[in-house]
Structure formats: structure tokens, C-alpha cells
Amino acid sequence: MTPLETLTAQARALIPEPGVITDPARLRTYECDGLAHYRVTPALVVLPETAEQLAGVVRACAEQQIPYVARGSGTGLSGGSLPHAEGVLIVTSRMRSIKEVRREDQRAVVEPGVINLDVSRAANADGYYYAPDPSSQQICSIGGNVAENSGGAHCLKYGFTTNHVLAADFVGADGDRVRLGDDAPDSPGYDLLGAVVGSEGTLGVVTETTVRLVRLPEKVVTLLVGFDSTDRAGAAVSAIIAAGIVPAAIEMMDALAIEAAEAAVACNYPDGAGAVLVIELDGPAVEVDAEYADVARLCEETGAFETRTAKTPEERGLIWKGRKSAFAAVGRISPDYIVQDGVIPRTALPEVLKAIADLSERSGVRVANVFHAGDGNLHPLVLFDDAVAGAGEAAEDVSRGILDLCLSHGGSITGEHGVGADKAAHMPKMYAADDLDTMQLVRCAFDPDRISNPGKIFPTPRLCGERPGRRKGAHPLQESGVAEVF
Amino acid sequence: MSESSAGRAASEASVSRPTQSISGVRPGRIERPTSTAEVAEVMRAAAAAGESVIPTGAGTKLGWGNPPTSADVLLDLSAIDEVTEHAAGDLIATAGAGTPLSRLQEEVASAEQRLALDTTVAGSTIGGTLAANTSGPRRLFAGTLRDLLIGVTLVRADGVVAKAGGKVVKNVAGYDLGKLLVGSMGTLAVVTEATFRLHPVPQSSRWVTVGARDAAHAAELTQTVLHSQTVPAALEVDATPDAIEVSVLVEGRPDGVAGRTTALTDLLPGSVAGEDPPAGWGRYPWDDTAEMCVGIKVTFRLSGLADVVEAAGEHGLRGSAGVGVAYVAVPADRDITEIQAVLARLRETTARHGGSAVVLDAPCEVKEQLDLWGPVPAIDLMRRVKDEFDPDHRLSPGRFVGGI
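Residues numbered from 1 in each chain as written. Chains lettered and ligands numbered in written order. Predicted model: local features only at pLDDT ≥ 70, side-chain atom pairs only at ≥ 80, totals over all residues. Heavy atoms only, no water.

**Quick notes on the interface of chain A and chain B**
And step 1. Taken residue by residue, the interface counts 90 residues in chain A and 79 residues in chain B.
And step 2. Approximately 6,800 Å² of surface area, both sides summed, lies buried where chain A meets chain B, with 57% of it carried by carbon and sulfur atoms.
And step 3. Together, Asp186(A), Pro188(A) and Tyr190(A) form the three largest contributors to the area buried by chain A at its contact with chain B, with a combined 12%.
And step 4. At the boundary of chain A and chain B, one finds 10 salt bridges.
And step 5. The shortest N-O distance in the salt bridge between Arg253(B) and Asp294(A) comes to 2.8 Å.
And step 6. Joining chain A to chain B, the criterion identifies 35 residue pairs in polar contact (both at pLDDT 80 or more).
And step 7. Every element with two or more residues in the side of chain A that touches chain B is listed here: helix H6 (155-158), strand S9 (177-181), helix H7 (192-196), helix H10 (285-301), helix H15 (427-430) and helix H16 (433-446) of chain A.
And step 8. When grouped by side-chain class, the residues that make up the side of chain A that touches chain B number 39 nonpolar, 23 polar and 28 charged. (Contact = heavy atoms within 4.5 Å. Buried area = accessible area lost by both parts, 1.4 Å probe. Salt bridge = Lys/Arg side-chain N within 4 Å of Asp/Glu carboxyl O. Polar contact = N/O pair within 3.5 Å; in protein donor to acceptor, adjacent residues only side chain to side chain. Helix = DSSP H or I, 4+ residues; strand = E, 2+ residues; numbered from the N terminus. Nonpolar A, V, L, I, M, F, W, Y, C, P; charged D, E, K, R; others polar.)

Okay, structure coming up:
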């Protein structure tokens, strides 16, 4: 038997039907995640129902030295759960139990396949919700959120997934199960959970997560503000932050993004706007009312020509619908597009937006801008038509150019989508060889054989066992005169 | 002397430079580099000579943890003490590891901003706070340094300089090494510079304090506040043999704070509102150095508060009831078997409520007779991380969990 045949037999012994998939046609269903231009058919797909089954599969992978990739709903946008052609894809969608919602402890215990929004739904009756809310929160899974440390519109005020994950049951690359963190904060020892969140499945697989629940706010106010330009909208954002206000969300869309959203969901954004801001304030009613007055005044002072405040949950829903549908909506005005995810210091927004516009004009490639203005997380949508020869390449050039702009302003190549398979080649632009080398120390501790989601995040990592740092300069023995190099 | 530098001198006056011993272990020599490059040089030389290195800032928590098994070099980072960047519009600041927290706060206060972290030990530096992951009441509002740190420059045990994270709040590129370093007690690498996210200074603050009849009542009051719409920035309990008090801090706009203060006084019959914090606010229930007592940190699920207060008994506790972290001071002159019994009781109770009891500080002779860290889940994985970062175990050897 080949190692894969052995593994398949082991998986069948562990996981009841129909949890082991070998049929080539069905395997192809799993060939990509949300980044559909990378496609790899996995050698085997398993859908465990329990942590024991999942750990058993990982242990078998370790024994056979076969790589594995974990995947939840497959909504990731960086190819973080792109399968390995000779490997196993572990799909957690059948591990979907909300095990506990404990109001008195303000936390919930959930399995990795649980849908993000379902955690909030389960907690709402007690007056609580789960704060991290990626745009895909209706379909993305908590396991994927943990792997990617995904954020969303509300993370400027409420933090990212990493700030809301308290503990996890974890299966290491050897198949051993360990508890990371604890039910209480500040578990003694290294913050291994902090290292695992956002490690994109390269350190192991989380099989259960304890998350923090946040009290539902007393009042929420959502504003839609129209400006004639992104510069003026940006000035409003700066004025709001300078006034000491941290809104729950502050999102910007430019003219092209508005056009796309209108075409798709008829959200009725202000006519002729060069940019809109979606601003959400939440908290105690008195506080929100005072902030609202200030925000409305600051927007007016910086040139807003129209300010609308949602009066009903339906109106609030429509404002957000325009924003949250923006990615998909772009399909209405362009056959193809690339969603980029870069970060800049917020104060560099005017300069970077202008540079993106210049880049667009020079290349003839249209770019629609949708972003989290409060924290500088850009999501430029680079539009192209793949039917036109060379258009895809031109769009990729522009997309890469935007990331370079982010880096030249001291930003990051990803704010919430992850590095995945897509941006591994960009990592050396952001980090020096020694920085990447140091990150590899963590990988070597967790997964020395590199069977857990190989090929993601890092370009060509050093081998575990090669001691760090000693690859350059003189050997210490040589330096101390004990040995010589001939 | 300008007003600000006079204030700085006063706030840093209590800093004692570490020249004596680390939990009774005398360092072979003291190195005092002034830059990351110089730290790298010290680390390379120490690596070549096989020497152990113990990083320190103001030395305020040098007595925490186990005594080191070796201390050839005390690496004093107090000269790396500049706030190198404060980008007010981006709500971030970068400072050297030896920068006193008070200096960073003073610098960013000029833009009405703050690092939302309490100084629980006077004179503490950025690096020491990061290594020990100390926190006070405001952790309910903003978390600990773990949640505020966004970038870090470190020097490895082999002298290689590396960076992780960056200077933007939102960044998921690569492993979050900063998280591993926070609370690592100087055993993985030497942090020389760190970047933090800042928060605006609130326009107004009020404290509402109420006496509780007993532990169960304190827990009940705590739950009442947590489930209310008053959005406390801090929720503390201070239990002594004579009284138990629950205190709530609300911060924000004057109107909002006034309204929430009224809501709190309605929720908590018999409470008193004031503009000043109650005595002992944000400080451990022992002096800055635990020469006279055993300082224990306890953690627990929120629902475990009453049991943990009961377990602390006559020694009382003080800390963040709203997050499940508190501190207990046991007089060090008690019989060692009694101290061990208190620690065992606290461990059993906190474990029942998903937490732990760790001895932070104690006189050397007492410490020797205690298991400071207690049981640690995932210790094997922690050892593997240590082995990768510091294969020769030369950084703060023996101070941390499991003898790491």
C-alpha cells in the first residue's frame, strides 16, 4: 500500500461515512477557497465530526509524513486553505456545535465549523454578541477566523479575533491534543494561543475555541455621509479621530465602489458623491448622542454635502448592505477583479489614494476603493477583463504596485485576509531575512516536519534543525579560535 | 528644569538600579548598551562565551519568578529610553525598552492620548512591563500589553536582530511574535523597542464604590454591573479582613459619565460616587517589592469570584473582578506550611474556576520552598519554543515555568 492508501484506510476506520472522500469528481469540489484563481485538487478529503477523529487523522498524516490542510467554510481570500495536491484536506464543517454560552462568564465555547454570525445569534438572547465580524460573517467559520485572525469593520474599537479568543483545544502537527490558554486570562507560561491565532493553520488545528462575548450596546447610530471627494472624506475621518472619538466603524467607499454597490443592491447612496463614509457609533445612549452631534458637525465642517442617519433597523441594514456587498457588487461593473488587502498608517490615506489614482491613470486599469478608514486597511478592487489580452497581467501589476505603496508608507501587506498562498512571495518585501528566520523558530517548535499547511505564509523557509543565525558570518568556534575553516 | 522634566525626575525617582542580586543570585557583570546594535553585540559576545544573560529595565520586577540558575551578565536596558515616535493621528507610539512607562504616558499625553495600561509598580519600564505582562484595572477596557503591542524589535539569544509586527494597528502578516514575548519573563529574546496602539484620554472619569456584605454579595454586585449598560472601564474588588468593596470606573464624555454614574448608583444601593480613585486603586496589595509578603496572582472565570474571595480568606485580595484577575498578599513571616497551605487552597479553587495561582514575588528564602508557577498546560510545547529561540538556555535561565 502507498502511504496515501494506508492513510485513507486509517481515516475510514476513524470517520464514519460519508466523512472520507476519494472520488475524484467530489474531491474537485474542494479545489479552492475564496481565492478561486488558485486551484489544487486534494488527494483526500476528510470531514471529521469530533476532535478525536481529527487528531487521529493528523496523527496518521504525521506517521505517513503526508501534508494536511485544514479548512472551514472556505471563504478565505488569500488561498490560506488551498489544498495540497499530495495531501489531506481536513474540512471542519461537520464540527458545528455551540457547546456552551455562559452569560455569567461572558463567553461561549464553540467548535471550529460554527458560523461566525451564529455565535452572536446564540448570545443575543442574553444581551451579548461576538464582536469580530468579517464581511463574510454570515458564512465564514470561527476556525477560519482563528486561523486568519480576521477582523472586519468593527475591529478599530473592539479588536480582532485574537483579542476575543481566550482558549483553544489544539491538535499539534504530531496529532497530540493540548489546551492553549485557559478559561481565565493570563494562563501561566508562553502565550502559545497568541502565536497560533493568525498562523493560518501552519502550526496545527484548533478543534474548540472559547471566545469572549461582548455586551450588546444600549444604542447604535449609523450614519451615511456624502462628500465630493475622498480627500474631504479623509479629512472628516482625521477630524473625528483627532476629537478623541473611536467609532465602532468608519468605512469609506469611493465613486467607483458606490457605482458598483448601486448597480448591485440599489442602496440609494447620495447622488453624485465622490466618496461616502459609513460611520457607526455605539455604546451608552447619552455617550452615543454626544458623539453623534460631534461627528455630524465635524463631517459638515470638512465638507459633507449630505448626512443621513438610519432611523430604523431596515435603514441601517441598507446602509451596511451597500458597504458589505461592495466586493461582490464590483462584478456588475467589471467581468473580473482582484480584491487587494493592504494597510497604511491612517494619516497617509490622502497621499496613498492619490498615488493609487495615478497608478490607475498611468496603467489604464480601473481601481475601486472600499476600506476601513479608521485603521487604514485598504481594499482596492482592481478591475479588468480577462478576455482582453494582457489585461490580467496589467491588473496584477497594479495590485502589486498598491502593496508596494502600502509598504513604502510603513504599512502591511495584509490587514485581515492573511498571507496564504497568495502573498508568500511578498513577505520578504515586508520583513528582512532575519525577521522571517525568527518566525520560523516558532514553526520549527510546533511543526518541525512542516506537514501542517505547507507552502503558506513563507516563501522558502530554512529547514528546522538548521540553527538560526549561524548561516551567516563566522562560526562561533572559528571566532573563538577553536576551529578554522579551510 | 522645565515643569515636564521636573515631573519626569519625580516620577522616576523611585527607580532603583539593579546592581545587587536577582533573587539572591549576584550577576557576574552588568552591561548597559545604548542601542539595539549594542545589545546585539553583547548578545553575540555572550553567545560566543556561553554566558547567561538576564535582561532588565528599572529592575522593579527583577525579583519575580524563580531565582536564575545562572547570571553571568545582567543586561541593563535602562539607557535605551527614548520615545522614538509618536504618530498622534495614527494613535501609535514607539519607545525603547528602558523607557519608563510614565515618560511614554507624559509624551503622548501632549496629544491627549494614553497607553491604556496602568503602572502597577512605580518606575516600571516598557520592557519590564512587557516581559512580566503586568496590568491593572483598565485591562477591562483595553486588555493588557498583549492587546496593545503592535510591533517589536528583538535581539535573539544568538545576537540576531529581528522585527515582528509593525506600526499599523491592523496587520496579520506573519506570526505574531509579540504575543509570545509578552509575559515571557525575558526567556525567549531581548526586546529593545516596541510599538503600541494608543487611545484618546477620556474627557471625564468617575468612580463609584460600594461596600459588599460578603463574598457572595460582591460577586452579585459585580454581575449586576457587568450585565448593565454602564460600560465600565474598570471593575475592581478590594477585600480585606474588615470589608469588601466593589469599585467601578466609568470614563468618557462628561454627560455620558454623569448619566452612567447615576445609573450605577441606582444599581448599587449605598454606593458613593467620586472623582478620585479609592485608596490602593491600581496597586498590588503589597509594597512595590514584596520584601514582607508573598505576592500571588490569581485568575478565575467571572463566576468564580465569590469562591476565590473566600479562598483568600483573612489575607483578602485586590484586583479586577470584571476580568477575573486579582492579587493576594500573604505575610512572609508566617510559618512556611501555612503559606504553602494558602497557595494550595488558592490553586485548588482557581483551578476549579478555570484559572491559576502564581507566586509573582516573595523573599528569596520563602520562594525556595514554594512551587511558584504551579501546573502549566502545554508545557512540552513551551519547552520546544524555548529550545528553538534559545537552544543553550542562556536567557534568564530557570526563572520561568517548568524551569525554563
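**Examining the confidence of the model for chain A**
And step 1. With 95% of its residues at a pLDDT of at least 70, chain A reaches an overall mean of 93.
And step 2. Counting contacts from residues 468-486 of chain A, a segment whose pLDDT is below 50, to residues more than four positions away or on other chains yields 20 contacts. (pLDDT = per-residue confidence, 0-100.)

**Let's talk about the domain arrangement of chain B**
Residues and elements named next belong to chain B.
And step 1. Structurally, chain B comprises domain 1 (15-201) and domain 2 (204-274).
And step 2. The distance between the C-alpha centroids of domain 1 and domain 2 comes to 33 Å.
And step 3. Counting from both sides, the interface comprises five residues of domain 1 and, opposite them, seven residues of domain 2.
And step 4. For the pair domain 1 and domain 2, the summed buried area comes to about 510 Å², and 58% of that belongs to carbon and sulfur atoms.
And step 5. It is Pro137, Arg138 and Leu140 that lose the most area in domain 1 upon contact with domain 2, and together they represent 79% of the buried surface on that side. (Domains from an automatic or database assignment.)

**So, the sheet that holds S9(A)**
All names here are of chain A.
And step 1. Taken together, the five strands give an open sheet; going across it, the order is S5-S6-S10-S8-S9, and neighbouring strands pair in antiparallel fashion. Single-partner strands in this sheet number two, and they are strand S5 (98-102) and S9. With strand direction ignored, the average angle separating the axes of adjacent strands in the sheet is 15°.
And step 2. Pairing of S5 with strand S6 (residues 107-110), which is carried by four bridges, proceeds in the antiparallel orientation. Residue pairing in the sheet places Glu100 in a bridge with Val109 of S6.
And step 3. Along the sheet face, helix H4 (residues 116-124) touches S5, S6 and strand S10 (204-212) and points at about 45° away from the line of S5. (Pairing = 2+ DSSP bridges. Axes fitted to C-alpha atoms, helices over the stretch in contact; angles between N-to-C directions.)

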